[in-house]
Amino acid sequence: GEELKEKIELKEEMMALKALENFNVQKEQQVQQMQHEIKVKEENLRKEQKELEKNIKDLENFLANITKNINELIEFIKTVGEFPNDIHKLKADIDELSKNVQDLIKLLNKWLSLLKKWINEFKNPENPINKPNTKDILNGFLRELQNAKTILKNIETSLGKIDRDIKEIANKIGNLVGRKRKQKLDKIVENISSAINTGKNIINNIINIINTLIVLIEFFRRFLRNTNQGQTHTNIR
């Protein structure tokens, strides 16, 4: 009876050890999977940072280009005759566009600074990933990104106004000038239309970047909420 009892206890111990071994293997696999996923997300963040930096520069160049061409159109209108209302509307719309683009650039640069700060967190493996400062950075990202979306919509509206402006002006004064001046007018209008399309492409790019970044940030926010995972960079990475 004692021998049977010992065999049963030994079998139970072996089963418990096997279960513990399986549990440890499973946990190790989960950690490895999380390590890989975090590494991929970190690389994606860096990629989106570079894309955002490029598009901010493109946005600055776009604003300089369309402002130059609008001013050229205004000067052309002045040489044709008195069209104060058209000139006033053009100036008002380009000023509105300029303000929104500058606001967006300022906002995205502010956000870019937060992004760089967050990415720098990855360089220090001893830095707790779930400390309040890190959570504040992530929450700040989302606030700035949502604000940027609002300004982007305003820019789209301004571009639509300018597009209508130049078409109305071209139709109005196109028949009042000779062939050579009409060619010059058409060229100015073509340049502005091209700039508008460039602006729309940049806006679409920035919207795509923002949507991608929101997904990435939400991943890290979910990660932080999981107290079993969100210990330190060292434990996970």
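Look up: the structure comes first, before these words.
Each value, and the rule that gives it
Residues numbered from 1 in each chain as written. Predicted model: local features only at pLDDT ≥ 70, side-chain atom pairs only at ≥ 80, totals over all residues. Heavy atoms only, no water. Helix = DSSP H or I, 4+ residues; strand = E, 2+ residues; numbered from the N terminus. Areas by Shrake-Rupley, 256 points an atom, 1.4 Å probe, with all protein chains shown as cover. Patch = residues over 30% accessible without salt bridge, like charges linked within 9 Å, V, L, I, M, F, W, Y side chains within 5 Å. Salt bridge = Lys/Arg side-chain N within 4 Å of Asp/Glu carboxyl O. Lys, Arg positive; Asp, Glu negative; His and termini not counted. Charge placed at Lys NZ, Arg CZ, Asp CG, Glu CD. Buried < 20%, exposed > 50% of the residue type's maximum accessible area, 1.4 Å probe, protein only. Core = buried A, V, L, I, M, F, W, Y, C linked by side-chain atoms within 4.5 Å.

Asker: What's the story with the overall build of the protein in this structure? I'm lost.
Answerer: The number of helices and strands found in the protein is five helices and zero strands. Approximately 14,200 Å² of the protein is accessible, and the part contributed by carbon and sulfur atoms is 49%.

Asker: Just checking my understanding: could you explain a negative patch on the surface for this structure?
Answerer: A contiguous patch of negative charge on the surface is contributed by Glu6, Glu9, Glu12 and Glu13. Mapping Glu13 onto the fold places it in helix H1 (residues 2–80).

Asker: Can you help me understand the pattern of salt bridges in this one?
Answerer: Where charged atoms of side chains with opposite charge meet at close range, the side chains can pair. For the structure on display, the rule yields twelve salt bridges. One salt bridge connects Lys41 with Glu37, and the closest N-O pair in it is separated by 3.7 Å. With Lys41 and Glu37 both in helix H1 and four residues apart, this pair spans about one turn of that helix. Judged by its relative accessible area of 17%, Lys41 falls in the buried class. What makes Glu37 partly exposed here is its relative accessible area of 28%.

Asker: Could you clarify how one ought to interpret the nonpolar core in this entry?
Answerer: One finds Ile66, Ile70, Leu97, Leu104 and Ile166 to be the most contacted residues of the largest nonpolar core, which totals 64 residues. Of all the elements in the fold, those that place two or more residues in this core are H1, helix H2 (84–121), helix H3 (132–173) and helix H4 (179–225). Among the elements that take part in this core, H4 stands out by supplying 19 residues, more than any other.

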